Amino acid sequence: MTRTVYVNGDYLPETEARISIFDRAFLMADGVYEVTSVLDGKLIDFAGHAVRLQRSLAELEMRAPCTMDELLEIHRELVRENGINEGLVYLQITRGAPGDRDFAFPDPETTEPTIVLFTQNKPGLAASPMAETGMKIISIEDQRWGRRDIKTVQLLYPSMGKMMAKKAGADDAWMVEDGFVTEGTSNNAYIVKGNRIITRALSTDILHGITRAAVLRFAAEAQMEVEERNFSVAEAQAADEAFITSASSFVMPVVEIDGVVLGRGTPGERTRRLREIYLEESRKTAV
Ligand code: PDD
């Protein structure tokens, strides 16, 4: 079925959507994005994604093409139009298409930002089989740039990381810098020891996950404490449980790291509980 997508003010069939070859995101990866999940036909944590988007834009001195209220309406219209009950909305804003290739930023007065949104239909997103089996992770060196707190479309190294994991027979990779895990290729990384959730503190080293913020807020409800600090792969391998979070996977258990099985090799009880709480609570505030 042909999707309806949104490009620069128009709702169009995906086959009719057009972007200039001079678009800065195509030539320079000069763009930012957000992925918002949809459950029960409603957007999960839209406000959080909107705040982070504005921060990404501001950090790159990029103009927002519309207000956040307008953005919410576009998200909702696409969800309605494409009949999404469970899935994702992808949003990308770029510095636009100045009509030629030049390293210097174009004048924002004359070059409009580009905005594109599309939906991904994912029935069964909340009831993912992976939540029952857990994920196998490998560790790889973190070779990304130093501003990982900005959600840019420079995703080549994360893509390479996913391929390294696939080739190793694993589901994803955790990236390691100076001996400590930064984050997953497209998710934040956690370990559990007793009743403590341990995850790297926020800095420019990692993306400030919207799901991360929610899960840490809900920790108390799961009778858990939060410790924001670095951890190594060796510490993770010796942990009771491990998991990742992201808008597309929510809370997903990790059962193996670099071939070392965690606990009994099945998703841990605390991770299960956190996933349950996250899904329950975020459905309540979905818009
Ligand atoms: N990825 N870290 C990285 C590097 C990410 O790319 C993501 C999200 C996260 C989790 O952030 P959030 O909880 O706000 O989704 C952490 C999205 C889902 C993606 O690229 O598809």
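Here the structure is shown first, and the text comes after it.
Residues numbered from 1 in each chain as written. Predicted model: local features only at pLDDT ≥ 70, side-chain atom pairs only at ≥ 80, totals over all residues. Heavy atoms only, no water.

Caption draft 1: The site of the ligand, seen in detail. Y33, R52, E183, I210 and T211 are the nearest of the 20 residues found near the ligand. Between a nitrogen atom of the ligand and a side-chain N or O atom of E183, the distance comes to 2.6 Å. Contact between the ligand and T211: an oxygen atom at 2.6 Å from a side-chain N or O atom of the residue. If the ligand stood free it would expose 480 Å²; the protein chains cover 90% of that surface. Every element with two or more residues in the shell around the ligand is listed here: β3 (31–39), α2 (46–59), β9 (180–184), α6 (210–218) and β13 (241–246). (Near = heavy atom within 4 Å. Polar contact = N/O pair within 3.5 Å; in protein donor to acceptor, adjacent residues only side chain to side chain. Areas by Shrake-Rupley, 256 points an atom, 1.4 Å probe, with all protein chains shown as cover. Helix = DSSP H or I, 4+ residues; strand = E, 2+ residues; numbered from the N terminus.)

Caption draft 2: How the structure looks around the pairing of strand β1 (residues 4–7). Burial of β1 is two-sided: the residues T4 and Y6 facing one way and the residues V5 and V7 facing the other way are all buried. By the bridge criterion, four bridges tie β1 to strand β2 (residues 10–13) in an arrangement that is antiparallel. Each bridged residue has a counterpart across the sheet, and for V7 the counterpart in β2 is D10. Following β1, the chain reverses through two residues before pairing antiparallel with β2; N8 in that reversal takes a positive phi of roughly 45°. Note that β1 and strand β6 (residues 114–121) share two bridges and pair antiparallel. In the sheet register, V7 faces β6, and the bridge partner there is V116. (Buried < 20%, exposed > 50% of the residue type's maximum accessible area, 1.4 Å probe, protein only. Pairing = 2+ DSSP bridges.)

Caption draft 3: Expanded view of the sheet that holds β2. A sheet is described by the order of its strands in space; here six strands give the open sequence β2-β1-β6-β5-β3-β4, paired in antiparallel fashion. Of all the strands in the sheet, the pair left with one neighbour each is β2 and β4 (42–43). Packed on one face of the sheet, α2 meets β3, β4 and β5 (87–94) and runs near 175° to β3. The strands that helix α3 (residues 68–81) touches are β1, β2, β3, β4, β5 and β6; relative to β6, the one it contacts most, it runs at about 35°. (Contact = heavy atoms within 4.5 Å. Axes fitted to C-alpha atoms, helices over the stretch in contact; angles between N-to-C directions.)

Caption draft 4: Layout of unusual backbone geometry. If you check the backbone angles, Q223 has positive phi at about 55° while not being a glycine. Along the polypeptide, Q223 turns up in the loop between α6 and β12 (225–228).

Caption draft 5: Broad picture of helix α8 (residues 269–284). Relative to the 22 Å expected for 16 residues at 1.5 Å per residue, α8 spans 23 Å between its end C-alpha atoms, a close match to the ideal helical length. Taken together, the buried positions of α8 are occupied by T271, L274, R275, I277, Y278, L279, E281 and S282. (Expected span 1.5 Å × (residues − 1).)

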